[in-house]
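These are the residues of each chain, in order.
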Amino acid sequence: MKLLFLVLFLCSGLVFSQKTVPPDYRKIPEILDNPQLLYPFIIPDKKYDYWSVLRNNPDPDKAIIYESQTPDFMTLNDSSPTKGFFQKCLGEDCFSYVLACEKGRTLYFSDEQQLRNFIGFVDNLPEAVLIANTHGYIVDAGYALSSSYKMDQNQIYLYLTKFTNSVTKESFFIKINRKTGKLEVKSNGFY
């Protein structure tokens, strides 16, 4: 009898200690789990004549991930960056970067912090997810504590995940200040 009581007590503790997403949070659309699909939603703080997100691919047609508009004819004399954000490997087709044209000048944004600076004010959910991606957090559509959000005029609140090694995932509650893009992060535990 004592053993049965102990087992019931421990099981009820596990059931009632499970974290859940508050009811006012919504599910992040699955399409937002791919950073390449987030770029069209960027609204930069500064006005650029033209900007694009490129992959370090020598074929110009394969290099373009997103263009803000069809550019006027332009010649770029600057060499492209040798590193970028979301670096996956060394060599070709391994990272991305932003090319922007402002008053005839070419600007490159080629690391995670520069991408966050390019975004500036966090206007929408895709920008918030992209900023979180630059810190290593991702959307895990199969788990509510890693794919939920809510927004107000000052903050965006996200439940996302991060791989701690190749198989272990950890859920996080992330609060992003829309004005500064700064994150406050709290772990929800491993799953």
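All values derive from a computational prediction rather than experimental measurement.

Parameters and conventions
Residues numbered from 1 in each chain as written. Predicted model: local features only at pLDDT ≥ 70, side-chain atom pairs only at ≥ 80, totals over all residues. Heavy atoms only, no water. Helix = DSSP H or I, 4+ residues; strand = E, 2+ residues; numbered from the N terminus. Buried < 20%, exposed > 50% of the residue type's maximum accessible area, 1.4 Å probe, protein only. Contact = heavy atoms within 4.5 Å. Areas by Shrake-Rupley, 256 points an atom, 1.4 Å probe, with all protein chains shown as cover. Pairing = 2+ DSSP bridges. Disulfide = S-S within 2.5 Å. Axes fitted to C-alpha atoms, helices over the stretch in contact; angles between N-to-C directions. Salt bridge = Lys/Arg side-chain N within 4 Å of Asp/Glu carboxyl O. Core = buried A, V, L, I, M, F, W, Y, C linked by side-chain atoms within 4.5 Å.

> Outline the overall build of the protein, supporting the account with residue identities and numerical values.
Scanning the protein from terminus to terminus reveals 4 helices and 9 strands. When the helices and strands of the protein are placed in sequence order, the string is α-β-β-α-β-β-β-α-α-β-β-β-β. Across the 191 residues of the protein, 39% fall into the buried class. Counting contacts in the protein only where the partners sit at least 6 residues apart, residues at least 24 apart contribute 53% of the total. Within the structure as shown, the protein displays about 11,600 Å² of accessible surface, and the carbon and sulfur contribution to it stands at 56%.

> Give a detailed account of the pairing of strand β4 (residues 96-102), specifying residues and quantitative values.
Across the 7 residues that make up β4, a large majority, 7, are buried. Side chains S96, V98, A100 and E102 of β4 all project onto a buried face; the interleaved residues Y97, L99 and C101 project onto the opposite face, where all are buried too. Both strand β2 (residues 50-55) and β4 contribute to a ladder of 6 bridges, which runs antiparallel. By the bridge assignment, Y50 is partnered in β4 with C101. Two successive antiparallel strands, β4 and strand β5 (residues 105-109), enclose a turn made up of 2 residues, where K103 displays a positive phi of approximately 50 degrees.

> Residue-level account of the state of the cysteines, with values.
The final tally for this structure, using the stated rule, is 1 disulfide. For C89, the disulfide goes to C94, at an S-S distance of 1.9 Å. As the torsion about the S-S bond is roughly -85 degrees, the C89-C94 disulfide counts as left-handed.

> I'd like to hear about the sheet that holds strand β1 (residues 26-27), residue by residue, with values.
Consider a sheet: its strands pair through backbone hydrogen bonds, and that pairing is either parallel or antiparallel. Taking strand neighbours across the sheet as the criterion, the 5 strands line up as β1-β6-β7-β8-β9 in an open arrangement whose pairing is antiparallel. Edge strands, defined here as strands with exactly one partner in the open sheet, are β1 and β9 (183-190). Two elements, strand β8 (residues 169-177) and β9, share 7 bridges in a ladder whose sense is antiparallel. Each residue of the ladder has a partner; that of E170, found in β9, is F190. Sheet strands in contact with helix α4 (residues 125-134) are β6 (148-151), β7 (155-163), β8 and β9, and its direction is about 40 degrees off that of β7.

> Would you mind going over the sheet that holds strand β3 (residues 64-67) in detail, with residue names and values included?
A sheet is described by the order of its strands in space; here 4 strands give the open sequence β3-β2-β4-β5, paired in antiparallel fashion. Of all strands in the sheet, those with a lone pairing partner are β3 and β5, marking the two edges. For this sheet, the mean inter-axis angle between neighbouring strands, taken without regard to orientation, is 20 degrees.

> Run through the pattern of salt bridges, naming residues and quoting values.
Evaluated as defined, the whole model comprises 5 salt bridges. Ionic pairing is found between D140 and K169, a salt bridge with its closest N-O pair at 2.9 Å. One end of the pair, D140, is in the loop between α4 and β6; the other, K169, is in strand β8, with 29 residues separating them in the sequence. Under the relative-accessibility criterion, K169 is labelled partly exposed at 22%. One salt bridge in this structure joins K175 and E184, with 3.7 Å as the shortest N-O distance.

> Can you lay out the nonpolar core for me, pointing to particular residues and giving the numbers?
Membership of the largest hydrophobic core comes to 42 residues, with the highest contact counts inside it found for Y39, W51 and L158. Contributing elements (two or more residues each) for this core: β2, β3, β4, β5, α3 (112-119), α4, β7 and β8. Of all the elements, α4 adds the most residues to this core, at 6 residues. Setting aside its immediate chain neighbours within four residues, L158 contacts I28, L125, A128, A132, S148, Y149, F172, F173, I174 and I176.

All quantities given are derived from atomic positions and should not be read as evidence of function.
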